[in-house]
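Structural overview
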Amino acid sequence: MTSKQQRVVVIGGGLAGLRVAARLGAAAGADAGAGGAEVTVLGEESHVPYNRVLLAEVLAGRYAPEVTALPDAGPALRRGVRAVRIDRADRTVHCDDGSTERYDTLVLATGSNAVLPPLRGLFEPEGRELPDGVHAFRTMDDCLALSAAVGARSGVRAVVIGGGLLGVSAARALAERGAQVVLAQQGERLMERQLDADASALLHDHLTTLGIEIHTQCRVRGLTTEPSAGGAGGRRVGGVEFADGYRLDADVVVLACGVRPRTGLALAAGLRVGTGILVDDRLRTSDPHIHAVGDCAEHAGRVYGLAGPALEQADALAAQLTGASGPAGVTEGTGGTTPGYTGTRALTRLTLAAATGSDATDTGPLDLAAFGETTPLPGDDVVRLADATRRTYRKVVVRGDRLVGGVLLGELSSVGALARSWEDAETLTDLFHLLTDDGGS
């Protein structure tokens, strides 16, 4: 390493961390990437890095696990190595295998963990082991374990706890694998963060055609367990108990109750942490030598938890570190010499498969997209177009002469044009054309 080369260590081998490395030239295996940086990525998982967005497709059996692989990071990536401590004074990262990595710049891309709800019977008093048959749905290991559980025999009884994007995706995938699926959502409707009541009702109807039994405003109180068949003191889930006392048998329980930013390393190192690791417009933490991107980062009071913002943050940080001009969402920072990150306008998309089987209603797949503020404020204008026969629904929220949000189900040909108008904060001139445009996707 020459005296001009900066040593960059990235903690996290997921989408955001590898994107930073790729933008710095490390993904190609070069000794010195763009901007004179030598990059090392510490990836905790032993798997080949994968796109987490595609895990539901793997669970459904549509994709093999290798299809989800991210571009090869080359020798820059150390797989199966977990960072356990950051020494800020010495600018050194200590790893679980006893090795250390010195850095000039440290990037935290530690992602997030699945939220494990406080259910009675989930853990034993002296342990943190989940009962057999209970799975989070966050990692490739989670996905493969679930796949093995439902693939072992037909008609597996599966209960998915959580009706957000993750829970809906998991329920759909399990139903495609032939499981008998019950989806339990504590809130009033499915995907309530992204969808309004009408759109959620359409989603509810579609999932029902897939054979999924849905319970909303339904709180799971606990799990019932029994000794595992193998003995040795293990436990296996037998069912779930709802707050109203109703008990439902279950062979498999999926915890899809959201995610929480992984901030433990940052907290232990004395960095400022809110919900996530606090960063400024240059994605710097409270230590100017340490940055954070992706699910673990909190910028301007917001943690995104989505792939699009994670990639945009990674691009913005790499642009700053290399002195390159930034991508969309990046502006010139103080002094006009380095790029700054101004936030991301995130769009959620999901495709749900059609019902299958001789007794299923032939409804075809359902596509949905949501962006921005889907709940209007007083004074906002709302435009809706619905077609019950074609099962399509389009709703946009307009504030003054700007589009501020929208929901589309069943037909997404106009989502591209609408999203561009929203992202660019354009003055609306022909909303009807945007809503009916067939070439925007």
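Residues numbered from 1 in each chain as written. Predicted model: local features only at pLDDT ≥ 70, side-chain atom pairs only at ≥ 80, totals over all residues. Heavy atoms only, no water.

This part takes up the environment of L255. Mapped onto the elements, L255 comes out in strand β16 (residues 252-255). It is 6.3 Å that separates the C-alpha atoms of L255 and V160, two residues lying 95 residues apart in sequence. (Helix = DSSP H or I, 4+ residues; strand = E, 2+ residues; numbered from the N terminus.)

The next thing to look at is the nonpolar core. Membership of the largest hydrophobic core comes to 45 residues, with the highest contact counts inside it found for I11, I86, L106 and L108. At five residues, the largest contribution of residues to this core is made by helix α7 (residues 307-322). If you look at the next biggest cluster of nonpolar residues, it comprises 43 residues, including Y50, F137, V150 and L207. (Core = buried A, V, L, I, M, F, W, Y, C linked by side-chain atoms within 4.5 Å. Buried < 20%, exposed > 50% of the residue type's maximum accessible area, 1.4 Å probe, protein only.)

Phi at M191 takes a positive value of approximately 50°, unusual for a residue other than glycine. The backbone of A425 shows a phi angle near 50°, a positive value even though the residue is not glycine. Inspection of the secondary structure puts A425 in the loop between α8 (415-423) and α9 (431-436). We classify A425 as partly exposed; its relative accessible area is 32%.

Right, let's get into the packing of aromatic side chains. Summed over the entire model, instances satisfying the criterion amount to two aromatic pairs. Centroid distance F242 to Y246: 6.0 Å. Interplanar angle 20°. Geometry classified as stacked. Residue classification places F242 among the buried positions, given a relative accessible area of 3%. Look at F371 and W422: their rings are 5.0 Å apart centre to centre, the planes differ by 45°, and that puts the pair in the tilted class. Of the two residues, F371 is situated in strand β24 (residues 366-372) and W422 in helix α8; the sequence distance between them amounts to 51 residues. Each member of the pair, F371 together with W422, is buried. (Phe/Tyr/Trp six-rings, centres within 6.5 Å; stacked < 30°, edge-to-face > 60°.)

With that settled, the discussion passes to the pattern of salt bridges. The tally for this structure, following the rule as stated, stands at 26 salt bridges. Note that D96 is salt-bridged to R82, the shortest N-O span being 4.0 Å. Of the two residues, D96 is situated in the loop between β5 (92-95) and β6 (100-102) and R82 in the loop between β3 (77-79) and β4 (83-87); the sequence distance between them amounts to 14 residues. Among the ionic pairs, R157 bridges to D251, the shortest N-O distance being 2.9 Å. Of this pair, R157 sits in strand β10 (residues 157-161) while D251 sits in the loop between β15 (247-249) and β16; the two residues are 94 residues apart in sequence, bridging distant segments of the chain. For D251, a relative accessible area of 11% translates into the label buried. The network of salt bridges with shared partners includes R7, E38, R78, D97 and E101. (Salt bridge = Lys/Arg side-chain N within 4 Å of Asp/Glu carboxyl O.)

Further remarks concern the confidence of the model for the protein chain. In this model, the protein chain carries an average pLDDT of 88, and 88% of its residues clear a pLDDT of 70 or more. Low pLDDT, under 50, characterises residues 26-35; the predicted model gives this stretch 22 contacts beyond four residues in sequence or across chains. In the predicted structure, residues 326-336 sits below a pLDDT of 50 and forms 25 contacts with residues beyond four places in sequence or in another chain. (pLDDT = per-residue confidence, 0-100. Contact = heavy atoms within 4.5 Å.)

To continue, consider the sheet that holds β4. Read from one edge to the other, the open sheet built from three strands follows the order β4-β5-β6, with strand pairing classed as antiparallel. The open sheet is flanked by β4 and β6, the only strands paired with a single partner. Each neighbouring strand pair of the sheet contributes to a mean axis angle of 20°, computed without reference to strand direction. Relative to β6, β5 runs antiparallel, the two sharing three bridges. Counterpart to T92 in the pairing with β6 is R102. (Pairing = 2+ DSSP bridges. Axes fitted to C-alpha atoms, helices over the stretch in contact; angles between N-to-C directions.)

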